[in-house]
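Secondary and tertiary structure notes
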Amino acid sequence: MARTSRVSQRIGSITESATLAVDAKAKALKAAGRPVIGFGAGEPDFPTPDYIVQAAIEAAKDPKSHRYSPAGGQPALKAALVTKTARDSGYIVEPNQVLVTNGGKQALYNAFAALLDPGDEVLLPAPYWTTYPESIRLAGGEPVIVMTDESTGFRASVEALEAATTPRTKALVFVSPSNPTGAVYSPAEVEAIGQWAVERGIWVITDEIYEHLVYGDTEFSSMPTLVPELANTCIVVNGVAKTYAMTGWRVGWMLGPQDIVKAATNLQSHATSNVANVSQAAALAAVSGDMQCVTEMRTAFDRRRRQIVKMLNDIPGVDCPTPEGAFYAYPSVKGLLGTEIKGRTPTNTTELAEIILEEAEVAVVPGEAFGTPGYLRLSYALSDADLVEGVSRIAKLVD
């Protein structure tokens, strides 16, 4: 039978990144002259700190940067990541356990590709970041969704994970702080899940890219630090994008057992070769430098966090828990569904997000993108003025 599509089934089954799609639409509307305010992208509004940019400028002038470098990352950066990891999370690794990647997304894909065989199941708590299930499927695995909601603080329990486990379960995706909810697991919860994974022989892929963005008395915990016996079946994914306002520089990394990292490095050597040398120089300056810039950004995010939660909760039909980390609010808007707004009656949050964009010129991401209809994700990584104006427009629209 002739194929009906020119695109392979594997690639044709991938859905577009909803967050990037919303951001692209918002930017296109702004370029067309419309005063759109975007809460869509998880992208700090701050410029990359000057000392990082300066390191990149110097690297660009150095002829060594104009040539290929090791596919797994420059030795100086890998050594710095070893030091940075010990400093920030207490997790001790060696340089041969580090792979520098083109952003956190490539680190995730490399990890899944090196670990999964066709049919392997991966436990994925929802709400989840849109890229996780697609990367799992691309690697031949099958995501198994473990639902959470406000009643559990958007955190999955050991009991819920156990109930979803089958003989085909190979791994768990663990994220704290969370995108899209901002939920942060307590040290006790992190340790309990890590111990369960060890006892069950289940791998853990833990995404720590928001490790520095926690607020108040909330504490970040790294699972392989709290559960050292997990180290041989754990992969840590991280990057400079969120902490240092470097989303466009495309530098991430994965840490893990030497055999898995070597296999992932072999994959990367054929897929992309080395990360751009100038970006690696910038990342080296970032992870080795003073953390004052991070503290200043976190202070601004904390202020915006409290502001957006208050304003959202003042809107009838909206219920917004207070996020403990990252830079996202994830309010329930179920009270707005089925009500008339500008002559239209949304039945789901995809329709509601379309109405908000078209009528209020505010871009938000519907919960369907994260596996949980009935919610909206709003990034508060934008200016204070835009935040207030944007939420005010939504309030006025649905009033």
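It should be emphasised that the depicted structure is a prediction, and the values quoted were computed from it without experimental measurement. (Residues numbered from 1 in each chain as written. Predicted model: local features only at pLDDT ≥ 70, side-chain atom pairs only at ≥ 80, totals over all residues. Heavy atoms only, no water.)

1. Side note on helix α8 (residues 187-200)
Taking 1.5 Å of rise per residue, the 14 residues of α8 would be expected to cover 20 Å, and the 20 Å separating its terminal C-alpha atoms lies within 8% of that figure. For α8, the complete set of buried residues consists of Val-190, Ile-193, Gly-194, Trp-196 and Ala-197. Seen from one end, α8 has its buried residues packed into an arc of 160°, which puts them on one side. Facing away from the buried surface of α8 by more than 90 degrees, the exposed residues are Ala-188 and Glu-199. On the buried face of α8, the contacting elements are β3 (121-126), α7 (158-164), β5 (169-175), β6 (203-207) and α9 (223-226). Taken from the residues just after α8, Gly-201 is the one with a positive phi, measuring 70°. (Helix = DSSP H or I, 4+ residues; strand = E, 2+ residues; numbered from the N terminus. Expected span 1.5 Å × (residues − 1). Buried < 20%, exposed > 50% of the residue type's maximum accessible area, 1.4 Å probe, protein only. Arc of directions from axis to C-beta. Contact = heavy atoms within 4.5 Å.)

2. Let's talk about the side chain of Gln-97
Turning to its location among the elements, Gln-97 is positioned in the loop between α4 (75-89) and β2 (98-101). Dropping the residues within four chain positions of it, Gln-97 is found in contact with Met-254, Leu-255, Gly-256, Pro-257, Gln-258 and Val-261.

3. What to know about the packing of aromatic side chains
Throughout the structure, instances matching the rule amount to eleven aromatic pairs. Relative to Phe-370, the ring of Tyr-330 has its centre 5.9 Å away and its plane inclined at 80°; by these criteria the two rings are edge-to-face. Taken together, the positions of Tyr-330 in the loop between β9 (328-329) and α13 (349-360) and Phe-370 in the loop between β11 (365-366) and β12 (376-379) put the pair 40 residues apart, joining distant regions of the chain. Accessibility classification places Tyr-330 together with Phe-370 in one group, the buried group. Grouped by ring-pair contacts, the aromatic residues Phe-46, Tyr-210, Phe-301, Phe-327 and Tyr-328 constitute a single cluster. (Phe/Tyr/Trp six-rings, centres within 6.5 Å; stacked < 30°, edge-to-face > 60°.)

Geometric values such as these leave the question of function open.
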